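Residues per chain, in single letters:
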Amino acid sequence: MQIGKVKLNNPVFAAPMAGVTNSAFRIILKRFGCSLVCSEMISSYGIANENPRTFNLLQVFPSEHPISVQIFGNNPEIMAEAARVTATKADIIDINMGCPVPKVLKSGSGGALLKDSDLARRIVREVVDAVDVPVTAKIRKGWDNSDNGIIDFAKSLEAEGLAGIIIHGRTVKQLYKGEADWKIARELKEALEIPVVGNGDIKTPEDAKRFLEETGCDGVMIGRAALGKPWIFKQITKYLESGELVSEPDFEEQIEIIKYFVELMVKLEGEESAVLKLRKHLLWFFKGMPFVHQVRLNISRINTLDELIGLLDEFKAKGTVEKVKNRY
Ligand SMILES: Cc1cc2nc3c(=O)[nH]c(=O)nc-3n(C[C@H](O)[C@H](O)[C@H](O)COP(=O)(O)O)c2cc1C
């Protein structure tokens, strides 16, 4: 599998997720075999204006390559400038054409570009001309249910030099509701020459295989199924490779993975910011565990690394007790 000149080890990619896919999370996903990670969406204005907080989001470590960095905006020249800066870090630049957040839509960026194909085309043209790395776009299946123009829209972007496209099978108006439509990915794959990667509701190894078989797409992109379960990438890649269903790591191993993630987060973000961000990750990690409802409140109150590690050790003990209980 290849996007432009970038060779990828397997067809299983990680979706960009704002507030989630930072360096620490991406490094963990790579460890579990994800072939292409992606940053969260980054403002082209923030990059072009050298905003220090935006620049933090552009941090990339060697073990993250190959990596795609996603930018968003509504101005072709600013997007081109942001792309030039981003290309010093990224192997692929992805353009966000699907974000449904009202503030983003109001500015004419993200999903709003699906309604303005002239502007979307100009953005792709300027960005492609500005950089040597391949440029992709992440789109949705349309603006709303009455929008039937996505195939023509995608073809027009392909004609401007796009190297690949990612399709999330929901409309912008749908947000995250309802089921993702996989049929549209097949139609897109049939219509385009460039690689097409499908996204939306691919949650298990079996889903990934079925998606690739049903759509003929070149790859799958996994988002929410990786929250609290980074090992999903090992399970999916192994299953696609050999048909083998790898079981989840056992509880003790999961705790060790979380501790490694915590260590990375603290190293990269500093203790205070890391601990705050880790609260939501802990809830994802422990979702479905029989004891999690008892400790939900404790998770939301963690403020220091010591408290967090203490809680993990408490979970480990509880989890071990549960496991023993379940055995008898
Ligand atoms: C918390 C969160 C943040 C997201 N942030 C982005 C983003 O920055 N850029 C983007 O293109 N999509 C973003 N998405 C959408 C995902 O990339 C993906 O398209 C969507 O979740 C559907 O895939 P899934 O069913 O595998 O989760 C986000 C989704 C979630 C849940």
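Look above for the structure.
Computed from a prediction, not measured in an experiment: that's the story for all the values here.

(A) Representation of the overall build of the protein. Helix and strand counts for the protein come out as 14 helices and 11 strands. Taking 20 Å as the expected radius of gyration for a compact globule of 328 residues, we find that the protein reaches 20 Å, a close match to that expectation. C-alpha atoms of the protein, sized along the principal axes, occupy 60 × 45 × 35 Å. For the protein, buried positions account for 53% of its 328 residues. Put simply, 69% of the contacts in the protein that link residues at least 6 apart link residues at least 24 apart. For the protein, the accessible area works out to roughly 15,000 Å², and carbon and sulfur atoms hold 50% of it. Side chains of the protein carry 44 positive and 44 negative charges; the gap between the two charge centres is 4 Å.

(B) Summary view of the site of the ligand. As a structural note, the neighbourhood of the ligand is formed by 16 residues, with Pro16, Gln70, Asn199, Asp201 and Arg224 the closest of them. At a separation of 3.1 Å, an oxygen atom of the ligand approaches a polar backbone atom of methionine 41. Its free accessible area being 610 Å², the ligand has 86% of it covered by the protein chains. Considered class by class, the residues forming the shell around the ligand number 7 nonpolar, 6 polar and 3 charged.

(C) Local environment of a negative patch on the surface. A surface patch of like charges, here negative, comprises Glu271, Glu272, Asp306 and Glu307. Among the elements of the structure, α12 (271-285) and α14 (305-327) are those that each provide at least two residues to the negative patch.

(D) Inspection of the packing of helix α8 (residues 183-191) against helix α9 (residues 205-215) at higher detail. Contact geometry for α8 and α9: axes closest at 8 Å, N-to-C directions at 45°. When the axes of α8 and α9 are compared, the pair comes out oblique. As α8 runs across α9, the sense of the crossing is right-handed. Taking contact as the criterion, the partners of Ala185, Arg186 and Lys189 in α8 are, on α9, Phe211, Glu214 and Thr215. Among the residues forming the contact of α8 with α9, the class breakdown is 2 nonpolar, 1 polar and 3 charged.

(E) The arrangement of the packing of helix α1 (residues 23-31) against helix α11 (residues 251-269) in detail. One way to put it is that α1 packs onto α11 with a least axis distance of 8 Å and a crossing angle of 140°. The two elements α1 and α11 cross, and the hand of that crossing is right-handed. Facing Ser23, Ala24, Phe25, Ile27, Ile28 and Arg31 of α1, the residues of α11 in contact are Ile257, Tyr260, Phe261, Leu264, Met265 and Leu268. Here the contact of α1 with α11 is built from residues that sort into 10 nonpolar, 1 polar and 1 charged.

(F) Spatial organisation of the side chain of glutamate 40. Within the fold, glutamate 40 resides in the loop between β4 (37-38) and β5 (42-43). Despite its burial, glutamate 40 pairs with no opposite charge; the closest candidate is lysine 277, at 6.8 Å N-O. Other than its neighbours up to four places away in sequence, glutamate 40 contacts Pro16, Met17, Ala18, Gly19, Val20, Thr21, Leu57 and Gln70.

(G) View of the pattern of salt bridges. In total, this model carries 17 salt bridges according to the counting rule given. Of the charged contacts, one joins aspartate 181 and lysine 141 as a salt bridge, the two residues approaching to 3.1 Å between their closest N and O atoms. Here lysine 141 lies in strand β8 (residues 135-142) and aspartate 181 lies in the loop between β9 (164-171) and α8, a separation of 40 residues in the sequence. When the shortest N-O distance is used, the salt bridge between aspartate 201 and arginine 170 registers 2.9 Å. With a gap of 31 residues between them, aspartate 201 in the loop between β10 (196-199) and α9 and arginine 170 in strand β9 connect regions that are remote in the sequence. The exposure class of aspartate 201 is buried, given its relative accessible area of 16%.

(H) Highlighting unusual backbone geometry. Looking along the chain, the bond that leaves histidine 65 and enters proline 66 is cis, with omega of -5°. With respect to the secondary-structure elements, proline 66 resides in the loop between α3 (52-57) and β6 (67-72). In this structure, glutamate 50 is a non-glycine residue whose phi angle is positive, near 55°. The topology assignment puts glutamate 50 in the loop between α2 (44-48) and α3. Of the residues examined, glutamate 50 reaches a relative accessible area of 59% and is grouped as exposed. A positive phi angle, close to 65°, is found at aspartate 201, a residue other than glycine.

Conventions used here
As a convention, each chain's residues are numbered from 1 in the sequence order in which they are written. Predicted model: local features are reported for residues with pLDDT of at least 70 only, side-chain atom pairs are reported and counted for 80 or more only, and whole-chain, interface and lining totals are derived from all residues. With hydrogens and water excluded, all non-hydrogen atoms of the structure serve as input to the side-chain values. Secondary structure follows DSSP: runs of H or I at least 4 residues long count as helices, runs of E at least 2 residues long count as strands, and numbering of each begins at the N terminus. Radius of gyration here uses only the C-alpha atoms, and the compact-globule reference equals 2.2 Å multiplied by the residue count raised to the power 0.38. Partly exposed describes any residue whose relative accessible area lies between the buried limit of under 20% and the exposed limit of over 50%, with all areas from a 1.4 Å probe on protein chains only and scaled to the type maximum. Two residues form a contact once any of their heavy atoms are found within 4.5 Å. What sets the accessible areas is the Shrake-Rupley method with a 1.4 Å probe; for residues, cover comes only from the shown protein chains. Note on charges: Lys and Arg go in the positive column, Asp and Glu in the negative column, and His and the chain ends are not counted at all. Here the site of a charge means atom NZ of a Lys, CZ of an Arg, CG of an Asp or CD of a Glu. We call a residue near a molecule or strand whenever a single non-hydrogen atom of that residue lies within 4 Å of it. Pairs of N or O atoms are called polar contacts if they sit within 3.5 Å, as long as, within protein, a hydrogen donor faces a hydrogen acceptor (for residues adjacent in sequence, only side-chain-to-side-chain pairs). The nonpolar class holds Ala, Val, Leu, Ile, Met, Phe, Trp, Tyr, Cys and Pro. Asp, Glu, Lys and Arg form the charged class, and all remaining residues, Gly among them, are polar. Nonpolar side chains (Val, Leu, Ile, Met, Phe, Trp, Tyr) within 5 Å and like charges within 9 Å form the patches, drawn only from residues with over 30% relative accessible area and no salt bridge. When a carboxyl oxygen of Asp or Glu lies within 4 Å of a side-chain nitrogen of Lys or Arg, that pair is called a salt bridge. Axis angles are defined between N-to-C directions and span 0 to 180 degrees, where every axis is a line fitted to C-alpha atoms and, for a helix, only to the segment in contact. What sets the label is the angle itself: under 35 degrees gives roughly parallel, over 145 gives roughly antiparallel, 65 to 115 gives roughly perpendicular, and the rest give oblique. Rotating anticlockwise by less than a right angle from the far helix to the near helix defines a left-handed crossing, while the corresponding clockwise rotation defines a right-handed one.

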